[in-house]
Amino acid sequence: MPQPVFMDDFLHLLRALVREPSVVGMEDAFFRVLRRELEEFDVSVSRYHGLLVAQGDAPESGFLSVHVDRHGLMCTGPNEFQYAAFIAGNRGELNGDSISEQFMETIAGRFHGQRVQAHTPYAGSYLGQGTITESYICPRRKNLIFELSDLDFLQPGTPVSFLDRLKEDNGLISAQLDNVVSVAMVIELIRKGFRGTAMFTAGEEAGRSWRFAAEWFQRHNIQTNRLIVIDTSPFPTVEDLRLQDVVLRHRDSNAAFDKGITAELQHHCERLGTPYRYKDRYIEELNLTREKPMSIGRTELGRLIEATEGRITGTTLQLPTCSYHTQTETARLSSIQAMLTLLCELNKIKT
C-alpha cells in the first residue's frame, strides 16, 4: 500500500537529518542545520544556550519538546575514545537510573565494525572516517571505551559520530533514530500548521536537556500543564513493535505526569483506533518476573516537573522502537503516521 504523500516529504527530511552529526554535548552544527530548515516556515526561531525554539502565531496554544542530540564518541586522550554521554564531565547529571545507563552493558558489544566520522566541535567540518575495532566497558571509569582505526590524529574534545544512513524496508525504517526521528516529526507538524511553541533541546542523553527547557520557561514567566515531550521508547524485538503504535506514560522515576492531558491523548488514541501502551505499567509488569527490576526511566519531563514543583508539567508521547541506541534502531512507519495524526488531532491541525 502506498504511503500518504506527506510521508514522502517526512522521509526526505529524515534522510537528510540522519546524515548530520549531533553528538551529545556538541550539537552546535546540527542546530544550524535545524534553524535553516525551520526558517523555511512562518515561525519565529530563537537560539538559546542548549536550546532552539520555534514559535507560531499562537505560541501558548501548545508546547512540544524534542531533543536533538544523539549518541556518539569523544576523543578523550591519545587514540582514546569514550561514549560521549557518559564521560566524566557529564556524570553529574546521571545516577545510574536512566534507561541509557541501564542499556550500556547490553549495547557494549554491538559496535564492532561500525564506521564513524570525526568533525570539528563547533563548525561540524569533516575531519575523517574510521572503523570501530573494539568496544568494552571500563569498570574504573564506568564508561564504554572504543578503539578506532585511522583516527589516531584526533585531539581531545573532538566529537566522533556514527556514520549513519536511513534504511527503509517493508514498512520499517532504521538508523540511529533517537531522537532525530522526533525532530523530523515536529518539523512536519510545523509544516502542516502547528501554531504553538516547539522546543529543540541539547544534552538529553547526558540528562541535561530539562535544565535548558526549564530556564526558557522561567525566562518568559510561563507556566503550563500541556507540555508534550516527544521521544522514542525501546522494546526488545520488531514483533513487540506491532503490539502498539504509540507509547504513553503516567509517570517516570521522578514525577507523575499531568493526568488531564495524558487522558486526552488516550481518548484520541481510542477514538482513532490507535493501539497504545503505557510504558510505566509495561515495565512494572515485567519486573514481577525479573530477579533484578528495571527502572521505569528518568525522562526530561519528569525532571522538569520535579525541578519546577509542577509549574511546568504535561505528558510524553513516544515512538516504539527496537535495537535502541544503535545504528539499526528500528520503527514502523505506521507508528510514525499514528503519532503525527495524534499530534495533529491534539493541536487541531487539519490533516
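For the structure given in this document, a descriptive report is provided here. Computed from a predicted structure; not experimentally measured.

A separate point is the packing of helix H6 (residues 209-219) against helix H10 (residues 300-307). Between H6 and H10, the least distance of the axes is 9 Å, while the angle of their chain directions is 50°. Considered as vectors, H6 and H10 are oriented oblique to each other. Along this stretch, H6 crosses H10, giving a crossing that reads as right-handed. Contacts between H6 and H10 involve Ser209, Trp210, Ala213 and Ala214 on the former and, on the latter, Glu300, Arg303, Leu304 and Ala307. Grouping the amino acids of the contact of H6 with H10 by side-chain chemistry returns 5 nonpolar, 1 polar and 2 charged.

With that out of the way, let us pick up the pairing of strand S3 (residues 63-67). A large share of S3 lies buried, amounting to 5 of its 5 residues. Residues Phe63, Ser65 and His67 of S3 are buried on one face, and the alternating residues Leu64 and Val66, pointing to the opposite face, are buried as well. In terms of strand pairing, S3 meets strand S12 (residues 197-201) through 5 bridges, oriented parallel. The partner of Ser65 across the bridge, within S12, is Met199. Across 3 bridges, the pairing between S3 and strand S13 (residues 224-234) is parallel. When the sheet's bridge partners are listed, Phe63 is paired in S13 with Leu227.

This brings us to the sheet that holds strand S4 (residues 73-77). In spatial order, the strands read S4-S5-S8-S7-S6-S9; together these 6 strands close into a barrel with antiparallel pairing. Across the sheet, the mean angle separating the axes of adjacent strands is 45° when strand polarity is ignored.

Residue placement: Glu134 occurs in strand S7 (residues 126-138). Considered as a pair, Glu134 and His67 are 67 residues apart in the sequence and their alpha carbons are 29 Å apart. Among all residues touching Glu134, those that are not within four sequence positions of it are His112, Ile145, Phe146 and Glu147.

It is worth spelling out the nonpolar core at this point. Across soluble globular proteins, nonpolar side chains show a tendency to be buried alongside one another. Counting residues in each nonpolar core, the largest one holds 76 residues, and the members touching the most others are Leu34, Phe200 and Ile336. For Phe200, the contacting residues outside a window of four places in its chain are Phe31, Leu34, Leu38, Gly50, Leu51, Leu52, Ala54, Val66, Val68, Val183 and Val186. One finds Val23, Cys75, Phe111 and Leu151 within the second-largest nonpolar core, a separate group that totals 24 residues.

Across the sheet, which stays open at both edges, the 3 strands sit in the order S10-S11-S17 with antiparallel pairing between neighbours. Here the strands that pair on one side only, and so sit at the sheet edges, are strand S10 (167-169) and strand S17 (329-332). In this sheet, adjacent strand axes meet at a mean angle of 25° when their direction is disregarded. Pairing of strand S11 (residues 172-175) with S17 involves 4 bridges; the strand directions are antiparallel. Bridging from a neighbouring strand, Ala175 pairs with Glu329 of S17. This element, helix H11 (residues 333-346), spans S11 and S17 of the sheet and lies at about 65° to S17.

A word on the packing of helix H8 (residues 259-272) against H11. Interaxial distance between H8 and H11 falls to 10 Å at its minimum, and their mutual angle equals 120°. Considering the angle they form, H8 stands oblique to H11. Our pair here, H8 against H11, has a crossing hand that is right-handed. Counted together, Ile261, Glu264, Leu265, His268, Cys269, Arg271 and Leu272 of H8 and Thr341, Leu342, Glu345 and Leu346 of H11 form the full contact between these two elements.

Moving on: the side chain of Asn179. Following the sequence through the fold, Asn179 ends up in the loop between S11 and helix H5 (180-192). A distance of 2.4 Å separates polar atoms of two side chains, one belonging to Asn179 and the other to Ser182. Not counting residues within four places of it along the chain, the set of residues in contact with Asn179 comprises Val66, His67, Asp69, Arg70, Ile230, Asp231 and Thr232.

This part covers the environment of Ile283. Structurally, the position occupied by Ile283 is in helix H9 (residues 279-287). Along the sequence, Ile283 and Gly297 sit 14 residues apart, while their C-alpha atoms lie 9.4 Å from each other. When sequence neighbours within four positions are dropped, the list of residues in contact with Ile283 reads Met294, Ser295 and Ile296.

Most of H10 sits out of view: 6 of its 8 residues are buried. Residues of H10 that are buried: Glu300, Leu301, Gly302, Arg303, Leu304 and Ile305. At its buried positions, H10 is contacted by S3, S12, H6, S13 and strand S16 (312-321).

Conventions we followed
Residues numbered from 1 in each chain as written. Predicted model: local features only at pLDDT ≥ 70, side-chain atom pairs only at ≥ 80, totals over all residues. Heavy atoms only, no water. Axes fitted to C-alpha atoms, helices over the stretch in contact; angles between N-to-C directions. Helix = DSSP H or I, 4+ residues; strand = E, 2+ residues; numbered from the N terminus. Parallel < 35°, antiparallel > 145°, perpendicular 65-115°, else oblique. Left-handed = near helix turned anticlockwise from the far one by under 90°. Contact = heavy atoms within 4.5 Å. Nonpolar A, V, L, I, M, F, W, Y, C, P; charged D, E, K, R; others polar. Buried < 20%, exposed > 50% of the residue type's maximum accessible area, 1.4 Å probe, protein only. Pairing = 2+ DSSP bridges. Core = buried A, V, L, I, M, F, W, Y, C linked by side-chain atoms within 4.5 Å. Polar contact = N/O pair within 3.5 Å; in protein donor to acceptor, adjacent residues only side chain to side chain.

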